[in-house]
Structure formats: structure tokens, C-alpha cells
Amino acid sequence: MPGTVTMYSTTWCGYCRRLKGQMDREGIAYTEINIEHDPASAAFVEKANGGNQTVPTVQVVPTNGGTEVVMTNPSLAQVKQALSA
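Residues numbered from 1 in each chain as written. Predicted model: local features only at pLDDT ≥ 70, side-chain atom pairs only at ≥ 80, totals over all residues. Heavy atoms only, no water.

Notes on the nonpolar core
Soluble globular proteins: nonpolar side chains tend toward being buried together.
Link 1 in the chain: The biggest cluster of nonpolar side chains holds 19 residues, and the ones touching the most others in it are Val-5, Met-23, Val-58, Val-60 and Val-79.
Link 2 in the chain: Those elements that place two or more of their residues in this core are strand E1 (4-9), helix H1 (14-26), helix H2 (39-48), strand E3 (57-61) and helix H3 (76-84).
Link 3 in the chain: For this core, the element with the most residues is H3, which contributes 4 residues.
Link 4 in the chain: Apart from the residues lying within four places of it in its own chain, the contact partners of Val-60 are Thr-4, Val-5, Thr-67, Glu-68, Val-69, Met-71, Ala-82 and Leu-83. (Core = buried A, V, L, I, M, F, W, Y, C linked by side-chain atoms within 4.5 Å. Buried < 20%, exposed > 50% of the residue type's maximum accessible area, 1.4 Å probe, protein only. Helix = DSSP H or I, 4+ residues; strand = E, 2+ residues; numbered from the N terminus. Contact = heavy atoms within 4.5 Å.)

Considerations on the pattern of salt bridges
Link 1 in the chain: Taken as a whole and assessed by the stated rule, the structure comprises 2 salt bridges.
Link 2 in the chain: Here Lys-20 ties to Glu-32 by a salt bridge, and the two come within 3.0 Å at their closest N and O atoms. Of this pair, Lys-20 sits in helix H1 while Glu-32 is found in strand E2 (residues 31-34), placing the two residues 12 residues apart along the sequence.
Link 3 in the chain: The partner of Glu-26 in a salt bridge is Lys-80, and the shortest N-O contact between them spans 2.9 Å. (Salt bridge = Lys/Arg side-chain N within 4 Å of Asp/Glu carboxyl O.)

Digging into H3
Link 1 in the chain: Listed in full, the buried residues belonging to H3 are Leu-76, Val-79, Ala-82 and Leu-83. For H3, the angular spread of buried residues about the axis comes to 125°, placing them on one side. Within H3, the exposed residues directed more than 90 degrees away from the buried face are Ala-77, Gln-81 and Ser-84.
Link 2 in the chain: Buried residues along H3 sit in contact with E1, H1, E3 and strand E4 (69-72). (Arc of directions from axis to C-beta.)

Concerning H2
Link 1 in the chain: All of the buried residues along H2 are Ser-41, Ala-42 and Val-45. Along the long axis of H2, the arc covered by the buried residues comes to 105°, so they all point the same way. Away from its buried face, by an angle of more than 90 degrees, H2 presents the exposed residues Pro-39, Ala-40 and Lys-47.
Link 2 in the chain: Tucked inside the fold, the buried residues of H2 contact E1, E2 and E3.
Link 3 in the chain: The distance from a side-chain oxygen at the start of H2 to the backbone nitrogen of Ala-40 is 3.2 Å, and the residue carrying that oxygen is Asp-38.
Link 4 in the chain: One or two steps after H2, the chain reaches Gly-50, where phi turns positive at roughly 60°. (Polar contact = N/O pair within 3.5 Å; in protein donor to acceptor, adjacent residues only side chain to side chain.)

Structure representation (C-alpha cells):
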């Protein structure tokens, strides 16, 4: 699928592990950033989630000129839809 996917996560997040496994099985490449080790990423997640460090927060940038999408705890279907937008 065209585009880039960045997942902001933590090591203890079960929802993050689930989504990573689903994306791995579907062959969706992504970059994972642990917000506990990256203050700038933690600030990005807080801004996207009304001041909360809610993970997984997923940023999708389609390469076909579509609009960047930031989603909180998305389903695999939502990630695929954002990539194809």
C-alpha cells in the first residue's frame, strides 16, 4: 500500500501489540515510536489527543497526494482506508 504509517506506542500497550500484529500480517510497513523514550513524540500524541498520551496513535501520510490522517486506537480497516485515501 502506498504511503507511510507511523505508530506512536508504549511497550506495555496491548492495543498497540494487537494493531502491530495485524499490520504485520497484512504486510503494512510502519515505523514505531515509543513515546516513553521520545519527548517530542509524546508531545505530538498529547496534541492529537486533547492533552492525553493515548496509544496507539497512528499517523498515515498517503503518497498519492491524499491528506495526512492521525487516528487514535484505529482498527486495521481504518488504517487501510487512510492509506488508500
